[in-house]
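One letter stands for each residue in the lines below.
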Amino acid sequence: MRAAPPPLPEPLFDPLPITVAVWYAPELGEHRATGTRSKGRPNGDQIVTHYDVQSGDAHLTVLRRMISAAFRHVKPLSSEPGGPIDDPTVDLIAMPTVAWVEYGAGATVRYRISLILPDGEHFTNIFVSGSASESVPEQRWLEVAMRDAAAQILVRLTTNEKLEKWLAERHRAAAPDRRRNS
Amino acid sequence: MMPATRARRTAIVSVLLLLGGCPAPTETQVRATGPVVASPASSGNTAAERATDSLPAIAGAEGYALLPERIDVAEDGKAVDCIARAIAQAAPTARQLPFDKLRDGLFPWLEPGTKPYMEEDLLALLKRPLLQERLKSLDIRYVVHIGGRRLDQTARSYGGCSIGGCVDFTSQNVGAQLSATLLDLREGVALGGRDATSRGTSAGLLVGIVPIIFIAPTGSRVCSEVGNAIAKAFAAGEQR
């Protein structure tokens, strides 16, 4: 089964005023959720189902949309950053990954967005989890969970204390320059 | 078919029709929530009616949306349908924005993992300039914030057989809670609301092959108490 990305409305969000370089690892687009799930009692009428959901493309679509909406300028990176990056316009590097997908009684999708400073130093991780309960039709589990997680990416970016503090410091540091230039 | 057999079956069906849907007694409590608007005192009303009087008139023509408190309330749908039906009957000209349109219009702020649970936090969120602007373009002034849940259910069973036949008795404590609060998005305040809790005991008796069932209608009791109170506020706004 191939999972479709959820239809995401245009986010109502003021992008954070920074330039972010993004690295989407190739394995992100190849992500698949596989395993077995069982219903009923082990010694009774238990039904075991194997699942194999190719969800990589859907995750990639969701993460691209949300990261584009989250930051004022987004630059895709063509290779994985292994240290400092040589681009003075970049404020942060973002590396989104699918931390895990649970698919059994409903679905849960967990994304991790690693934020790295241009000098290669780790800055912070943002984790979000979206879920769909069993009462949702099975064919919509991933779609519902991905939409929930997608929404949280944007909201968590505005509530991450470290990021908030860092943005405020940058803003304060830039203020004298703005006054001098005006 | 033998006349005697037919008569017996008719008797069993009659018993089932008479007793099968019998409502069991319930105890329902209703309380006003949030700030209330002073209204002329009325006498002789029930507690629920007095509380209804104190809700301000809502001009539904200015647009409103029903917003479930939690995802399980939205998925279950019964609580939202109950309030929607009551308002539609009491105020036919009130203009309702479907919840999905509100949720899409305010994405990502009203998703299960991002929507504030407490009303004061929800109001603070909806007061943000970006969201206020969107709410204006969606053309709604009010939100009915709806919460609800089934209360803990415990069941007991007894049974036994003797020469005369077998009897099984099962009872279950059931309960439902429903709340609705009116939020004025233009003013950024909670105008008030209702919270109803109903408890009762449903029971089933199996005598031989004849089931006799008593259902405690706790869900419909809270629906009627809260739905009517909210609907009256909209009806009062319609009459203005």
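Procedures and definitions
- Residues numbered from 1 in each chain as written.
- Chains lettered and ligands numbered in written order.
- Predicted model: local features only at pLDDT ≥ 70, side-chain atom pairs only at ≥ 80, totals over all residues.
- Heavy atoms only, no water.
- Helix = DSSP H or I, 4+ residues; strand = E, 2+ residues; numbered from the N terminus.
- Buried < 20%, exposed > 50% of the residue type's maximum accessible area, 1.4 Å probe, protein only.
- Contact = heavy atoms within 4.5 Å.
- Areas by Shrake-Rupley, 256 points an atom, 1.4 Å probe, with all protein chains shown as cover.
- Buried area = accessible area lost by both parts, 1.4 Å probe.
- Salt bridge = Lys/Arg side-chain N within 4 Å of Asp/Glu carboxyl O.
- Polar contact = N/O pair within 3.5 Å; in protein donor to acceptor, adjacent residues only side chain to side chain.
- Nonpolar A, V, L, I, M, F, W, Y, C, P; charged D, E, K, R; others polar.
- Disulfide = S-S within 2.5 Å.
- Expected span 1.5 Å × (residues − 1).
- Axes fitted to C-alpha atoms, helices over the stretch in contact; angles between N-to-C directions.
- Parallel < 35°, antiparallel > 145°, perpendicular 65-115°, else oblique.
- Left-handed = near helix turned anticlockwise from the far one by under 90°.
- Pairing = 2+ DSSP bridges.

Participant: What is the right way to read the overall build of chain A from this model?
Facilitator: Looking only at helices and strands, chain A features four helices and seven strands. Walking chain A from its N terminus toward its C terminus, one meets helices and strands in the order β-α-β-β-α-β-β-β-β-α-α. Here chain A, with 182 residues, has 45% of them falling under the buried criterion. Pairs at least 24 apart in sequence give 64% of the contacts found in chain A among residues at least 6 apart. Put simply, chain A shows about 9900 Å² of open surface, and 48% of that area lies on carbon and sulfur atoms.

Participant: When you look at the interface of chain A and chain B in this model, what are you seeing that I'm missing?
Facilitator: In many reports, interface size means the accessible area that the parts give up when they come together. At the interface, 19 residues of chain A touch 15 residues of chain B. For the pairing of chain A and chain B, the buried interface totals around 1400 Å² over both sides, and the portion due to carbon and sulfur atoms is 64%. Counting the surface chain A buries against chain B, the share from its top three residues, Leu12(A), Arg147(A) and Val155(A), is 45%. A salt bridge links Asp104(B) to Arg147(A), with the shortest nitrogen-to-oxygen separation between them at 2.9 Å. Where chain A touches chain B, the interface holds five residue pairs in polar contact (both at pLDDT 80 or more). In terms of residues, the side of chain A that touches chain B owes the most to one element, helix 3 (residues 141-159) of chain A, which gives eight residues. Looking at the side of chain A that touches chain B residue by residue, the classes come out as 10 nonpolar, four polar and five charged.

Participant: Can you walk me through the side chain of Thr19(A) in this structure?
Facilitator: Residues and elements named next belong to chain A. With respect to the element layout, Thr 19 can be found in strand 1 (residues 16-22). Residue classification places Thr 19 among the buried residues on the basis of a relative accessible area of 10%. With sequence-adjacent residues up to four places away left out, Thr 19 is seen in contact with His 73, Lys 75, Thr 89, Val 90, Asp 91 and Leu 92.

Participant: I would appreciate a short explanation of the pattern of salt bridges in the present structure.
Facilitator: Two side chains with opposite charge may pair up if their charged atoms get near one another. One pass over the full model with this rule turns up 16 salt bridges over all chains. Residues Glu10(A) and Arg65(A) are paired through a salt bridge, measuring 4.0 Å at the closest nitrogen-oxygen approach. In this pair, Glu10(A) is assigned in the segment before strand 1 and Arg65(A) in helix 2 (residues 56-70), connecting sequence segments 55 residues apart. Among the salt bridges present, the one from Asp52(A) reaches Arg32(A), with a minimum N-O distance of 2.7 Å. Highlighted residues: Asp52(A) in strand 3 (residues 47-54) and Arg32(A) in strand 2 (residues 32-39), separated in sequence by 20 residues. Since its relative accessible area comes to 34%, Asp52(A) is described here as partly exposed. With relative accessibility at 43%, the residue Arg32(A) sits in the partly exposed group. Shared partners join several salt bridges into a network, and the residues in it are Arg147(A), Arg103(B), Asp104(B) and Glu111(B).

Participant: How do you make sense of the state of the cysteines when you look at a structure like this?
Facilitator: Linking two cysteines covalently via their sulfur atoms produces the bond known as a disulfide. Residues and elements named next belong to chain B. Taken as a whole and judged by the stated rule, the model has two disulfides over all chains. Disulfide pairing places Cys 82 opposite Cys 223 at an S-S distance of 2.2 Å. Its S-S torsion of approximately 110° makes the covalent link between Cys 82 and Cys 223 right-handed. You can see Cys 82 sitting in helix 4 (residues 78-90) and its partner Cys 223 sitting in helix 8 (residues 218-239), a full 141 residues away along the chain. A single burial state applies to Cys 82 and to Cys 223, both of which are buried. Sequence-ordered numbering of the bonded cysteines in chain B gives a disulfide pattern of 1-4, 2-3.

Participant: Even after reading the chapter, I still don't get unusual backbone geometry, so can you show me in this structure?
Facilitator: Keep in mind that most residues, glycine aside, have a negative phi and that most peptide bonds are trans. All names here are of chain B. In this structure, Pro 108 follows Phe 107 across a cis peptide bond, with omega equal to 15°. With respect to the secondary-structure elements, Pro 108 resides in the loop between helix 5 (99-105) and helix 6 (119-126). Of note, Asp 139 is a non-glycine position whose phi angle comes to about 60°, a positive value. In this structure, Asp 139 sits in the loop between helix 7 (129-138) and strand 5 (142-150).

Participant: Looking at this structure, I do not really get helix 2 of chain A. What am I missing?
Facilitator: Since one α-helical turn is 3.6 residues long, residues separated by three or four positions face the same way. For helix 2 of chain A, with 15 residues, the first-to-last C-alpha span of 21 Å sits near the 21 Å given by 1.5 Å per residue. By the burial criterion, the buried members of helix 2 of chain A are Gly56(A), Ala58(A), His59(A), Leu60(A), Val62(A), Leu63(A), Met66(A), Ile67(A), Ala69(A) and Ala70(A).

Participant: Please clarify how the packing of helix 2 of chain A against helix 3 of chain A should be interpreted in this entry.
Facilitator: The axes of two packed helices give the description: the angle between them and the distance between them. Residues and elements named next belong to chain A. With their axes 10 Å apart at the nearest point, helix 2 and helix 3 run at an angle of 25° to one another. Considered as vectors, helix 2 and helix 3 are oriented roughly parallel to each other. Judged by the sense of rotation from one axis to the other, the crossing of helix 2 with helix 3 is right-handed. Of helix 3, the residues touching helix 2 (which contributes Ala 58, His 59, Val 62, Leu 63, Met 66, Ala 69 and Ala 70) are Met 146, Ala 150, Ile 153, Leu 154 and Leu 157.

Participant: Explanation requested: the sheet that holds strand 1 of chain A in the structure shown.
Facilitator: Strand pairing within a sheet occurs via backbone hydrogen bonds; the two strands may be parallel or antiparallel. Residue and element names in this part refer to chain A. Spatially, five strands are ordered 4-1-5-6-7 in an open sheet, and the strand pairing comes out mixed. Two strands bound the open sheet, and with one partner strand each, they are strand 4 (71-76) and strand 7 (122-132). Taking each pair of neighbouring strands and ignoring which way they run, the sheet shows an average axis angle of 30°. Relative to strand 7, strand 6 (residues 106-116) is paired through 10 bridges, and the arrangement is antiparallel. Bridging from a neighbouring strand, Ile 113 pairs with Ile 126 of strand 7. Strand contacts of helix 3: strand 1, strand 4, strand 5 (92-104), strand 6 and strand 7, with the helix running at about 145° to strand 7, the strand carrying the most contacts.

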